[in-house]
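Residue-level structure breakdown
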Amino acid sequence: MKRVETNLATLVEKDGTDKLPTGLLNTGVTPLEIAEIILDGLDMKPLQQIEPKAACHCTEERLFRAVRLLPKEEVDDILKKEEQIEARCQFCGKVYRMGPDEVAERFANAQGDPSKDSDMNL
């Protein structure tokens, strides 16, 4: 345990900020390199490394699921005022639009409870 404490002190010195490990990451040190510093001398062997990717899973079905959670009167009011339902994914920025005919058709064919993931095949 003393070894890890010494390694952590080394990490704090290398970081040089009060927001560890932000300073190291901002200078290009990778999470693996940070782990190597902390576990130095403990025979660390990385088992698996993955490259994180931003992936969005938005779909028209998810939009319609959200629409189904609204009261029917509110949906009708939006369609009357806007002539369509429009939503933008806050993650990827993709815009989805549904006209009154598509909304009516989707409501007619809707199954399951939109408030339950298990009913929505997600």
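Cut-off values and rules
Residues numbered from 1 in each chain as written. Predicted model: local features only at pLDDT ≥ 70, side-chain atom pairs only at ≥ 80, totals over all residues. Heavy atoms only, no water. Helix = DSSP H or I, 4+ residues; strand = E, 2+ residues; numbered from the N terminus. Contact = heavy atoms within 4.5 Å. Salt bridge = Lys/Arg side-chain N within 4 Å of Asp/Glu carboxyl O. Buried < 20%, exposed > 50% of the residue type's maximum accessible area, 1.4 Å probe, protein only. Axes fitted to C-alpha atoms, helices over the stretch in contact; angles between N-to-C directions. Parallel < 35°, antiparallel > 145°, perpendicular 65-115°, else oblique. Nonpolar A, V, L, I, M, F, W, Y, C, P; charged D, E, K, R; others polar. Core = buried A, V, L, I, M, F, W, Y, C linked by side-chain atoms within 4.5 Å.

**Describing the environment of Tyr96**
Within the secondary structure, Tyr96 is located in strand S2 (residues 95-98). Sequence-wise, Tyr96 and Gln49 are 47 residues apart; in three dimensions their C-alpha atoms are separated by 35 Å. What Tyr96 contacts, discounting residues up to four positions off in sequence, is Cys58, Thr59, Glu60, Leu63, Ile85, Glu86 and Ala87.

**A closer look at the pattern of salt bridges**
For the coordinates displayed, the defined rule picks out seven salt bridges. Note that Asp40 is salt-bridged to Arg3, the shortest N-O span being 3.5 Å. Placement of the pair is Asp40 in the loop between helix H3 (31-38) and helix H4 (60-69) and Arg3 in helix H1 (residues 2-15), with a sequence separation of 37 residues. Here Lys45 ties to Asp43 by a salt bridge, and the two come within 3.1 Å at their closest N and O atoms. Accessibility expressed as a relative area gives 56% for Asp43, which makes it exposed.

**Structural notes on the packing of H4 against helix H6 (residues 100-109)**
At a minimum axis distance of 11 Å, the contact between H4 and H6 shows a crossing angle of 80 degrees. Taken as axis vectors, H4 and H6 run roughly perpendicular relative to one another. Between H4 and H6, the contacting residues are Glu60, Glu61, Phe64, Val67 and Arg68 on the first element and Glu102, Val103, Arg106 and Phe107 on the second. Looking at side-chain class alone, the contact of H4 with H6 contains four nonpolar, no polar and five charged residues.

**A short note on the packing of H1 against H3**
When two helices pack together, their arrangement is given by the angle between the helix axes and the distance between those axes. For the pair H1 and H3, the least separation of the axes is 7 Å and the interaxial angle reads 135 degrees. Of the possible angle classes, the one that applies to H1 and H3 is oblique. Between H1, through Val4, Asn7, Leu8, Thr10, Leu11 and Lys14, and H3, the contact on the second element is made entirely by Ile34, Ile37 and Ile38. Here the contact of H1 with H3 is built from residues that sort into six nonpolar, two polar and one charged.

**With respect to the nonpolar core**
Judged by nonpolar contacts, Leu63, Phe64, Val67, Val75, Leu79, Ile85, Tyr96, Met98 and Val103 together constitute the single largest core of nine residues. Listed by contribution, the elements that provide at least two residues to this core are H4, helix H5 (72-82) and S2. The biggest single contributor to this core is H4, with three residues. In contact with Val75, not counting residues within four places along its chain, are Val67, Leu70, Ile85, Val103 and Phe107.

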